[in-house]
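# Inside the fold
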Amino acid sequence: MADCLILCATSRLAQALRGAVPAGRPAWRTRPALSLGQWLAGLADEALLSGLDVPQALDPFAERLLWEKVIAASLSDAAPLFDLPGMAAAAAEAHALCRIWQLAAGGAELADEARLFAGWQAEFERRCRAAGWIDQAGLHRQLLGLLAAGRLAVPEAVAFAGFDRYTPFERDLMAALEGRGVSIENWPEFAVDRSDAAPGEPAAENPAAGDCRVLACPDVDGECAAIVAWARNWLAARPDARLGIVAPDLAGVRDRLQFRLDDALHPALIRPDAAELPRCFNFSLGRPLAELPLIRVALDLLALGGGRAKVEQGRLSALLLAGGWSAAEAEADGRARLDAALRRDLPYFTSLPALIRLAGRLAEQGQALCPRSVADLAALVEVAGGAGRQRLPGQWRGVFRDCLQAAGWPGDRPLSSHEFQARRAFAEVVDGFARLDGLLGPLPFGEAVRRLGQLCRQRLFQPETRGRPAIQVLGVLESAGLDFDALWVMGMNDDQWPPPPRPSPLLPAERQRAAGSAHASAEVELDFARRVHARLLAAAPEVTFSFARADGNRLLRPSPLLAGLPLAEAAPPPPATPAGQAAADPADPAGAIERIDDAQAPPVAPGEKVAGGSWLLRAQAICPAWAYYQFRLGGEAMDEAVEGLDPAARGTLVHAALEAFWTTVPGSAALAGLGDAARQAAIAAAVDAALLHFENARRISLPARFRQLEAARLGRLLDLWLAVESRRGQPFAVIAREQPAEVDIEGIRVKMVVDRIDRLDDGRQVIIDYKTGSAIDIRNWAEARLTEPQLPIYAALVNDEVAAVVFAKVLLDKPGFAGVADEKDILPGVQGVGDDKQKIFDPAEFPDWIAVITHWRERLHAIAREVGDGVAGVVFADESRLQYCEVLPLLRLPERRRLLAEALAVPPTTDRSGDNHE
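Residues numbered from 1 in each chain as written. Predicted model: local features only at pLDDT ≥ 70, side-chain atom pairs only at ≥ 80, totals over all residues. Heavy atoms only, no water.

## A closer look at the side chain of R279
- Along the chain, R279 falls in the loop between α9 (250-265) and β9 (281-283).
- On the basis of relative accessibility, which here comes to 17%, the residue R279 falls in the buried class.
- Polar contacts involving the side chain of R279 include one to the side chain of D262, which spans 2.9 Å.
- Not counting residues up to four positions away in its chain, the partners in contact with R279 are D262, H266, L269, A274 and P469. (Helix = DSSP H or I, 4+ residues; strand = E, 2+ residues; numbered from the N terminus. Buried < 20%, exposed > 50% of the residue type's maximum accessible area, 1.4 Å probe, protein only. Polar contact = N/O pair within 3.5 Å; in protein donor to acceptor, adjacent residues only side chain to side chain. Contact = heavy atoms within 4.5 Å.)

Spelled out as structure tokens, the structure:
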């Protein structure tokens, strides 16, 4: 029927029917195919043009806003305690169920939730009538009445295509059309059962499907790999094939599937400049507009420019490093340097004006890092600050545009096609926001930006695609009515298929089950899944279903709907990655990728200065590559702001407080002579001095309450620690605090600072290093690689009068000393070399203190020689010791694990070192 209107279950099916090319015909008429929603929207426009009294339809966002207002009014003062957007979404869904499935919300015996919703619904409808509004489902019902009354034009024939089951509304629509003399058809006939079967009854039988099989995969990644190999094999054999991939949880697998499809089918498009080039596959699922980089930065500019409250430093850092505003390309390096200064100099909670002031101070010091970007930020703050406190959404639209223009959005480079489309979609959203005056009323700037962000998160963005990609990746509903040359349906596990029921909590469950409304019960979902399953079986001559056996440690089972289908013998071999393909390039038998040994760095040149001090030797002992990257090449991690004080800052305060205390109390005699009151006063003075020094050094002022709490913590910590010091058996005098030292080891100048040096009555010295963390390792002092070398350096190479080297564990829980001494009883809990209780140094190898010192001296020189010789392999005994490594990404640990796994897989005679890297 050439003049037959085709009403489709999805807009994708309608688009496919309109774009279908009849075989052997040079010219043809485009099929009049529309989704049901598109056709009803056209009827609404026709009704308005005809002068019929049709209320203004609320879009989904506006409807939820109205539900929010109704719910908030019913909760009164308790409204801030509830998730109003979530409750509004549930209410809107329940209201739509009532409209479509003709459910009654009210009644005598109702649960509290249903009774509450009935009141909300009555108030919602009252407000709609008063303002001349109507929800979408209500508008469709009203249009149905106008159509049945003969007040709207109808076509001669209508075909319904792709519907897995009909709702009461759709059945009523068919009856109304038939009452107007319209011929009704079903396309295709096998896809839909128009009978009024009960929800638990099976759908109509489908024609016999073609080749069908079921594949069990180890996990979801295995499923994705098998799908990509299948698609590649099909397109290699038939480049014109039309393939479909259907996933019940498309959002959950989209990224990993897209990456694998790119790697296998478009390896050359891995370059960033090829991100928008056409692919042979297309995903039906769009992304929220707010997630697109260009729109995300626009929302961030508005939120940060108009916000008066302080925000997390990370938000400003992300803004500086983002493109899409001001001189993002021209000043990229300067903005990165300003970001480093932001991390270093500003607190965790800060503001955009504070960042602008920081940039001004740096400019005064001759470091104008990104002047245009800073000027645009200042202009943004000025425009946003002058906008006033309260405006209607329609008025905020102009302010938003002025703010973004002041900030130089969308940046200093031409927009790509996708970015241009996103910008256009954003403009449409802003215009839609401006039409919400009646619903939102006057808003402050921050609330207006928040509502705009909600709109952008609700708007799904799908860039326009050219042509018809060979592979369509679809959700279950989007696949309705489509046919393919071959189809793969993934995710067929029993926890996803049939879908679990999720009846509305705001409507009586028994009414939903009786009506068979969407998601009402397990029986309804089983009926739906059976219908979809039968439709998918007939959608292609070759159909593959797959499921995952496990998700991590959780074992999974196949869907019961797969029972009786033949099992596939094996999955196709996974395609090689782009790197693997390059390595196995037949045009280059030697391999396009050469494997080299990169464990050797250039030796330290004469006169070359190597920074790092004892940390250099520590890193070399733990992992030579760490020492090379960080201390010879200067790699370092960016500062990460934390709320309050991080462990390092707290440790610095403890060091400073103990330094201040032992400056005024020079030894054990003075400590013993203090009474309780004098001791507490000395502790309080030391803590106050430490906090003052900390604030001055970092140019910050701690909040008064926070400073008070930190002072109390430090005071308690020092009190506990001084109790440990009071139990020392031998008198001592503190002769040095934060003592700098420098020594030459194999040509490497090592600078260090010793926390404290005590002198005993016999003249010998005790070297003390404060530790405020619980992880303290002294067993390495007896090993070949000294991973805690600072105290051994001082004892073996700086001072000949050392009797003990210890860590002072300044902790609230089990404070004490840990280390080794020349003899026992020098310090409580510290054993002497050769003592029976001493378990670190083997008496056979270390019979006395001199042997320990000799061992340290030899091992320190050996490690320093490694630095000088350029030893820089990724070699370590314990990966947990890399927790403080600032250049961890450069160590390429995943690649190392892969190489080690390959080495274990080859015959034992093959020599494969863990130091080798591609």
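## Some details on the packing of helix α15 (residues 393-406) against helix α16 (residues 417-434)
- As a packed pair, α15 and α16 sit with axes 7 Å apart at the nearest point and diverge in direction by 150 degrees. Where α15 abuts α16, its residues P393, G394, W396, R397, F400, R401 and L404 lie against F426, A427, V430, D431, F433 and A434.
- Its residues assigned to classes, the contact of α15 with α16 shows nine nonpolar, one polar and three charged. (Axes fitted to C-alpha atoms, helices over the stretch in contact; angles between N-to-C directions. Nonpolar A, V, L, I, M, F, W, Y, C, P; charged D, E, K, R; others polar.)

## Focus on the packing of α16 against helix α18 (residues 445-458)
- Relative orientation of the contacting elements α16 and α18 amounts to 125 degrees, with a least axis distance of 10 Å. By the angle between their directions, the pair α16 and α18 is classed as oblique. Every pair of crossing elements has a handedness; the one defined by α16 and α18 is right-handed. Of the residues in α18, those touching α16 at F426, V429, V430 and F433 are A448, R451, L452, L455 and C456.
- Among the residues making up the contact of α16 with α18, the classes are represented as eight nonpolar, no polar and one charged. (Parallel < 35°, antiparallel > 145°, perpendicular 65-115°, else oblique. Left-handed = near helix turned anticlockwise from the far one by under 90°.)

## Concerning the sheet that holds strand β15 (residues 486-489)
- One open sheet holds the six strands; their spatial order is β7-β16-β15-β8-β14-β9, and the pairing between them is parallel. The outermost strands of the open sheet, each flanked by one partner alone, are β7 (211-217) and β9. Across the sheet, the mean angle separating the axes of adjacent strands is 15 degrees when strand polarity is ignored.
- Here strand β8 (residues 243-246) pairs with β15 via four bridges, running parallel. Residue pairing for β15: I245 is matched across the bridge by W488.
- Against the sheet, helix α8 (residues 220-237) makes contact with β7, β8, β14 (471-474), β15 and β16 (542-548), and its axis sits at roughly 170 degrees relative to β8, the strand it touches most.
- Relative to the sheet, α9 contacts β8, β9 and β14, its axis offset from that of β9 by approximately 165 degrees. (Pairing = 2+ DSSP bridges.)

## With respect to the state of the cysteines
- In the structure shown here, the tally under the stated rule is zero disulfides.
- C8 takes part in no disulfide bond, and the closest cysteine sulfur to it belongs to C4, at a distance of 10 Å. (Disulfide = S-S within 2.5 Å.)

## Some points on unusual backbone geometry
- Of the consecutive residues W409 and P410, the connecting peptide bond is found in the cis state with omega at 15 degrees.
- Residue position: P410 is located in the loop between α15 and α16.
- Residues W497 and P498 are joined by a peptide bond in cis, for which omega reads 0 degrees.
- With respect to the element layout, P498 can be found in the loop between β15 and α19 (509-515).
- Backbone geometry at S76 places phi at a positive 50 degrees, although glycine is not the residue there.
- With respect to the helices and strands, S76 occurs in the loop between α3 (60-75) and α4 (84-101).
- One non-glycine residue, D825, adopts positive backbone phi at about 75 degrees.
- Here D825 shows up in the loop between β24 (816-821) and α29 (849-869).
- Under the relative-accessibility criterion, D825 is labelled exposed at 53%.

## Let's talk about the sheet that holds strand β1 (residues 5-8)
- Taken in spatial order, the four strands line up as β2-β1-β5-β6 in an open sheet, and their pairing is parallel. The outermost strands of the open sheet, each flanked by one partner alone, are β2 (33-35) and β6 (183-187). Strand-to-strand twist in this sheet, taken as the mean axis angle between neighbours without regard to direction, amounts to 25 degrees.
- Pairing of β1 with strand β5 (residues 157-161) involves four bridges; the strand directions are parallel. Pairing of L7 across the sheet is with F160, part of β5.
- The strands touched by helix α1 (residues 11-18) within the sheet are β1, β2 and β5, with β2 carrying the most contacts at an inclination of about 170 degrees.

## Let's talk about the environment of L477
- Here L477 is to be found in the loop between β14 and β15.
- With relative accessibility at 52%, the residue L477 sits in the exposed group.
- Between the C-alpha atom of L477 and that of V449, which follows or precedes it by 28 residues, the distance is 33 Å.
- Apart from residues no more than four positions distant in its own chain, L477 is found in contact with T10 and F528.

## Some thoughts on the nonpolar core
- Core analysis: the largest hydrophobic core is formed by 86 residues, its most contacted members being F117, F426 and F433.
- Ranked by residue count, the leading element in this core is α4, at nine residues.
- Not counting residues within four places of it along the chain, the set of residues in contact with F117 comprises W67, A91, A94, H95, C98, A105, L506 and L507.
- Listed in part, the 58 residues of the second largest apolar core include A621, F846, I863 and L891. (Core = buried A, V, L, I, M, F, W, Y, C linked by side-chain atoms within 4.5 Å.)

## Brief notes about α3
- In this model, α3 (16 residues) spans 22 Å end to end at C-alpha, consistent with the 22 Å of a helix rising 1.5 Å per residue.
- Those residues of α3 that fall on the buried side of the exposure criterion are F61, A62, E63, L65, L66, W67, E68, V70, I71 and L75.
- Buried residues belonging to α3 abut α4, α5 (112-131), β4 (133-134), α6 (136-148), α17 (437-440) and α18.
- Sitting at the amino-terminal end of α3 is D59, which places a side-chain oxygen 3.1 Å from the backbone nitrogen of F61.
- One or two residues past the end of α3 sits S76, with phi positive at roughly 50 degrees. (Expected span 1.5 Å × (residues − 1).)

## Concerning the pattern of salt bridges
- Counted according to the given criterion, the structure contains 53 salt bridges.
- For D483, the salt bridge is made with R242, and the minimal N-O distance between the two is 3.9 Å. Residue D483 is found in the loop between β14 and β15, and its partner R242 is found in the loop between α8 and β8; the two are separated by 241 residues along the sequence.
- On the basis of relative accessibility, which here comes to 33%, the residue R242 falls in the partly exposed class.
- Close ionic contact of R287 with D255 constitutes a salt bridge, the shortest N to O distance being 2.9 Å. Of this pair, R287 sits in strand β10 (residues 287-288) while D255 is found in helix α9, placing the two residues 32 residues apart along the sequence.
- Here R287 falls in the partly exposed class, since its relative accessible area comes to 27%.
- Overall, D255 belongs to the partly exposed group, its relative accessible area being 37%.
- One network of salt bridges, with partners in common, ties together R238, D240, R242, D483 and D485. (Salt bridge = Lys/Arg side-chain N within 4 Å of Asp/Glu carboxyl O.)

## A few points about the pairing of β6
- On β6, burial follows the alternation: I184 and N186 on one face are buried, whereas S183, E185 and W187 on the facing-out side are not.
- Strand direction decides the pairing type here: β5 and β6, joined by five bridges, are parallel. Paired with A159 across the bridge in β6 is E185.
- What joins β5 to β6 is helix α7 (residues 168-179), and the crossover it makes is right-handed. (Right-handed = clockwise from strand over helix to strand, strands pointing away.)

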